[in-house]
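# Fold and contact review
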Amino acid sequence: MNISADISRNLNLNEIIELDRKYYMKTFGERTPVCFSYGKGINLWDTEGRKFCDFLSGIAVNALGHSHPKLINAVKEQAEKIIHCSNLYYIEPQAKLAALLVENSCADRVFFANSGAEANEGAIKLARIYFRKKGMPEKYEIITMKNSFHGRTLATLAATGQEVYQKPFFPLPPGFRSVPLNDMDALKNAISEQTCAVMLEPIQGESGVHVADDSYIKAVRKLCDDNGILLIFDEIQCGMGRTGRLFAYEHYGVEPDIFTLAKALGGGVPIGALCAKEFVAQAFGKGEHGSTFGGNPLACAAGLAVLEALSEENLIENAQRQGRYFTEKLMELAEKHSSISEIRGKGLMIGVELNNCKAVAVKDSCFNSGYLIGSVGNNVLRFLPPLIVTKDDIDGMVNALDKALSQIEKE
Ligand SMILES: *Cc1c(COP(=O)(O)O)cnc(C)c1O
């Protein structure tokens, strides 16, 4: 082996960009020109010493912000004991994390994966095997929502109701069809003898923060019950306290049969979870699902630290409180800026729709004033701050946004 890249020296931004351009696959195109080397709380510093306030949290991952002492200690301590061992053996942090998730949710059993897509892949397999074992193998079709996002593996791509992501990879696994969110008639018409489950995000994240109506979710639950089919919630982005409840389904007063988690579950350490009620979970028998890394000691120790911090530091209540404050401030901003046409979301999962197709320019302007936010297409700004966010952080963010909108409206 030849170690030609200088891996011991700290590179500057241009050197890093040069390596990336030459050696990395081009899936992310031209990235935002910044490389973070250190984070503390809500703040990040880059290789050039610039400071940023993080209102994106690695797309809803860094729920505890950066360098949270509890998460650092848990990962450090676990790394010093044992990082990985096979699922052929019992794993203490895995058993504890499964117990915590079950004790605090409607699920009875958990299976750990390494990512969101993988957790969803597990949910799809579980729904299919559940009906196969009931002697109904013809029930394999899953109805998902248009503009949903469920992942990048072939099956989760088939579940994702957005043709732009799917087209280059046809043929995709069969057994998926999508209907518009919040349209009960479309869903009723899509259900057939083949349907095994309805799968949806209570709040669609990647397509621009679209919230499922309260009455819709209740009606979907009833429709599933009436037709004897499963209800799957993808809580990969909206779960883990982000919406002001530990799980988004709690807002609706309904329980899914299966739900999936990932993003914030490990606070930045990769882990996903497939959670299900006992009557469904028991369909997975020996050898019918598995994972090499899924639920390994390191990832589960991180998950335990995240849940502990959410509870000890009242971060779910904070998400609710700061989410309300942030939304109020954004509504004030909307009175001043006619370019804001809608504010959507729950808790700290917030989308701001613009009517001027300038979302990317606004995002870039916020970046230049030291604030990281997201954009979806040309019209939606996305805010996913860590759950430790304070009123002062929000005031700073709203000022930066005010400035950005004023500047762009003048152009
Ligand atoms: C991010 C996301 C996924 C995919 O998660 P990965 O870890 O990127 O595979 C799936 N569903 C939702 C709702 C997501 O937000």
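Residues numbered from 1 in each chain as written. Predicted model: local features only at pLDDT ≥ 70, side-chain atom pairs only at ≥ 80, totals over all residues. Heavy atoms only, no water.

For the rest of this paragraph, the subject is the overall build of the chain. Across its full length, the chain holds 14 helices and 17 strands. For a compact globule of 411 residues, the expected C-alpha radius of gyration is about 22 Å, and the chain comes in at 22 Å, within 12% of that figure. Along the first, second and third principal axes, the C-alpha atoms of the chain reach 60 × 55 × 45 Å. Counting only residues that meet the buried cut, the chain has 51% of its 411 residues in that class. A separation of at least 24 residues holds for 71% of the contacts in the chain among residues at least 6 apart in sequence. Carbon and sulfur atoms provide 51% of the accessible area of the chain, an area that totals close to 19400 Å². (Helix = DSSP H or I, 4+ residues; strand = E, 2+ residues; numbered from the N terminus. Rg over C-alpha atoms; globule rule 2.2 N^0.38 Å. Buried < 20%, exposed > 50% of the residue type's maximum accessible area, 1.4 Å probe, protein only. Contact = heavy atoms within 4.5 Å. Areas by Shrake-Rupley, 256 points an atom, 1.4 Å probe, with all protein chains shown as cover.)

Across the sheet, which stays open at both edges, the seven strands sit in the order β4-β12-β11-β10-β7-β5-β6 with mixed pairing between neighbours. Each edge of the open sheet carries a strand with a single partner, namely β4 (109-113) and β6 (176-179). Looking at each pair of strands side by side, their axes are set apart by 20° on average, direction ignored. Pairing of β4 with strand β12 (residues 272-276) involves five bridges; the strand directions are antiparallel. Bridged to arginine 109 within β12 is alanine 276. (Pairing = 2+ DSSP bridges. Axes fitted to C-alpha atoms, helices over the stretch in contact; angles between N-to-C directions.)

A few words on the site of the ligand. Looking at the ligand, the residues that line it are Ser115, Gly116, Ala117, Asn120, Phe149, His150, Gly151, Glu201, Asp234, Ile236, Gln237 and Lys263. In this structure, an oxygen atom belonging to the ligand sits 2.8 Å away from a main-chain N or O atom of alanine 117. Between the ligand and lysine 263 there is a distance of 2.7 Å, counted from an oxygen atom to a side-chain nitrogen or oxygen. Per-element tally for the shell around the ligand: the top contributor is helix α5 (residues 116-133), with three residues. Split into classes, the residues belonging to the shell around the ligand amount to three nonpolar, six polar and three charged. (Near = heavy atom within 4 Å. Polar contact = N/O pair within 3.5 Å; in protein donor to acceptor, adjacent residues only side chain to side chain. Nonpolar A, V, L, I, M, F, W, Y, C, P; charged D, E, K, R; others polar.)

The subject of this paragraph is the packing of aromatic side chains. Scanning all chains against the criterion turns up 13 aromatic pairs. Ring geometry for tyrosine 130 and phenylalanine 131: centres 4.9 Å apart, planes at 80°, overall edge-to-face. Between the aromatic rings of tyrosine 130 and phenylalanine 279, the centroid separation amounts to 5.7 Å while the plane-to-plane angle is 80°, which identifies the pairing as edge-to-face. Highlighted residues: tyrosine 130 in helix α5 and phenylalanine 279 in helix α10 (residues 278-281), separated in sequence by 149 residues. Judged by relative accessible area, which is 37%, phenylalanine 279 ranks as partly exposed. By the ring-pair criterion, three or more aromatic residues cluster together here, those being Phe55, Phe326, Tyr371 and Phe383. Looking at arginine 31, its charged tip hangs above the ring of tyrosine 24, at a distance of 5.2 Å from the centre. When the ring centre of phenylalanine 131 is taken as reference, the NZ or CZ atom of lysine 139 above it lies at 5.8 Å. (Phe/Tyr/Trp six-rings, centres within 6.5 Å; stacked < 30°, edge-to-face > 60°. Lys NZ or Arg CZ within 6 Å of the ring centre and 35° of its normal.)

With that out of the way, let us pick up the pairing of strand β11 (residues 258-261). Burial of the side chains of β11 extends over both faces: Ile258 and Thr260 are buried on one face and Phe259 and Leu261 on the other. Where β11 and β12 come together, four bridges link them in antiparallel fashion. Each bridged residue has a counterpart across the sheet, and for phenylalanine 259 the counterpart in β12 is cysteine 275.

This part takes up the layout of surface pockets. When its volume is computed, the second largest pocket comes out at roughly 840 Å³. Residue lining of the second largest pocket: 26 residues in total, with Asn87, Gln94, Val110, Phe111 and His289 positioned closest to the centre. Among the secondary structure elements, those contributing two or more residues to the lining of the second largest pocket are α4 (92-103), β4 and β12. Per element, the largest residue contribution to the lining of the second largest pocket is four residues, and it comes from β4. Within the lining of the second largest pocket, the residues separate by chemical class into 15 nonpolar, eight polar and three charged. (1 Å grid on protein atoms, 1.4 Å probe; cavity = no way out; pocket = protein on both sides within 12 Å on 5 of 7 lines; lining within 4 Å. Points joined across faces, edges and corners; volume = space filled by probe spheres on them.)

Glancing now at the domain arrangement of the chain. We note that the domain assignment places domain 1 (5-61 + 314-410) and domain 2 (70-312) within the chain. Here the C-alpha centre of domain 2 lies 26 Å away from the C-alpha centre of domain 1. Contact residues are listed per partner, giving 24 residues for domain 1 and 28 residues for domain 2. When domain 1 packs against domain 2, the two sides together hide about 2100 Å² of surface, and 63% of this comes from carbon and sulfur. The three residues of domain 1 that bury the most area against domain 2 are Ile316, Lys346 and Met349, which together make up 33% of that side's buried surface. Counting the contacts that link domain 1 with domain 2 gives one salt bridge. The salt bridge involving arginine 382 is made with glutamate 206; its shortest N-O contact spans 3.2 Å. Applying the counting rule to domain 1 against domain 2 returns ten residue pairs in polar contact (both at pLDDT 80 or more). Those elements that place two or more of their residues in the side of domain 1 that touches domain 2 are α2 (57-60), α12 (315-336), β13 (340-346), β14 (349-354) and β17 (380-383). (Domains from an automatic or database assignment. Buried area = accessible area lost by both parts, 1.4 Å probe. Salt bridge = Lys/Arg side-chain N within 4 Å of Asp/Glu carboxyl O.)

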